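Listed below are the residues making up each chain.
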Amino acid sequence: YDPRNVIKLPDTKLFHHNIIVRNLSSDEMRKLQNECGIHICLGTSESFGHYIHEAQACKAVPIIMDGAPMNEFVGGDNGFLVKPVDKKTHGFYSDYIASRDTFYDAFELLQEMSIEDRKKVGEKSRKVYLERRKKYEETSQKWVMDILNG
């Protein structure tokens, strides 16, 4: 990827940091996604979870907001949940708001893990993604066949 598109921040004990400052090509983005072992997915609301599924597909450890429907994709041993301190409901969806402290709580749990254990969480995350994808493919094929066969 073009290094002019990414600012590399100093490495810490826990992470190396990248800040993307320009639009990246699909290939550049895919390369960065697969290089990063931790994906922070702290959207305040979500409908389908594309960026969460991308993290899981890359064997990354997802860190997501603990609110529906995001927490339906991650929990237990396949990622970390950030507890919201506030929830604002707007008709059919809700926005979940985290504080710096609740965000850091998730990172403290992550920091206590060895690199090997983090890799295991990433592998479990990938497994959950593949299982969910297989079920989706089977279900959508059945729906199409039901429609075609009337």
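Scope of this entry: the structure provided in the associated data block. Bear in mind that the values here come from a model prediction, so they are computed numbers and not experimental data. (Residues numbered from 1 in each chain as written. Predicted model: local features only at pLDDT ≥ 70, side-chain atom pairs only at ≥ 80, totals over all residues. Heavy atoms only, no water.)

Tallied over the entire structure, the rule returns 8 salt bridges. A salt bridge links Lys120 to Asp117; the nearest nitrogen and oxygen atoms lie 4.0 Å apart. With a gap of 3 residues between them, Lys120 and Asp117 both fall in helix 4 (residues 115-148), about one helical turn apart. For Asp117, a relative accessible area of 34% translates into the label partly exposed. As a salt-bridge pair, Asp146 and Lys142 come within 2.9 Å of each other at their nearest N and O atoms. Of this pair, Asp146 and Lys142 both sit in helix 4, 4 residues apart, which is roughly one turn of the helix. (Salt bridge = Lys/Arg side-chain N within 4 Å of Asp/Glu carboxyl O. Helix = DSSP H or I, 4+ residues; strand = E, 2+ residues; numbered from the N terminus. Buried < 20%, exposed > 50% of the residue type's maximum accessible area, 1.4 Å probe, protein only.)

To continue, consider the side chain of His39. Looking at the secondary structure, you find His39 in strand 3 (residues 38-41). Within polar-contact distance, the side chain of His39 engages the backbone oxygen of Cys36 at 3.4 Å. (Polar contact = N/O pair within 3.5 Å; in protein donor to acceptor, adjacent residues only side chain to side chain.)

Turning our attention to a negative patch on the surface. A contiguous patch of negative charge on the surface is contributed by Asp101, Asp105, Glu108 and Glu112. Examined against the element boundaries, Asp101 turns out to sit in helix 3 (residues 100-112). (Patch = residues over 30% accessible without salt bridge, like charges linked within 9 Å, V, L, I, M, F, W, Y side chains within 5 Å. Areas by Shrake-Rupley, 256 points an atom, 1.4 Å probe, with all protein chains shown as cover. Lys, Arg positive; Asp, Glu negative; His and termini not counted. Charge placed at Lys NZ, Arg CZ, Asp CG, Glu CD.)

On to helix 4. Taking 1.5 Å per residue, 34 residues should reach 50 Å; helix 4 reaches 49 Å between its end C-alpha atoms and fits that length. Here helix 4 has its buried residues at Arg118, Val121, Gly122, Ser125, Val128 and Tyr129. Elements in contact with the buried residues of helix 4: helix 2 (50-57), strand 4 (61-65) and helix 3. Gly150 sits one or two residues past helix 4 and shows a positive phi near 60°. (Expected span 1.5 Å × (residues − 1). Contact = heavy atoms within 4.5 Å.)

This part covers the state of the cysteines. Throughout this description, disulfide means a covalent bond between two cysteine sulfur atoms. In this structure the tally under the stated criterion is 0 disulfides. There is no disulfide at Cys36, and the cysteine sulfur nearest it, in Cys58, is 8.9 Å away. (Disulfide = S-S within 2.5 Å.)

Attention shifts here to the environment of Gly37. Its location among the elements puts Gly37 in the loop between helix 1 (26-35) and strand 3. Gly37 sits in the partly exposed class, given a relative accessible area of 43%. C-alpha separation for the pair Gly37 and Val121, spaced 84 residues apart in sequence, amounts to 10.0 Å. With residues up to four places along the chain from it excluded, the contact list for Gly37 reads Ala60 and Val61.

A separate point is unusual backbone geometry. Cis rather than trans, the peptide bond between Ala68 and Pro69 has omega equal to 0°. You can see Pro69 is positioned in the loop between strand 4 and strand 5 (80-82). The residue Lys59 is not glycine, and still its phi comes out positive at about 65°. Looking at the secondary structure, you find Lys59 in the loop between helix 2 and strand 4.

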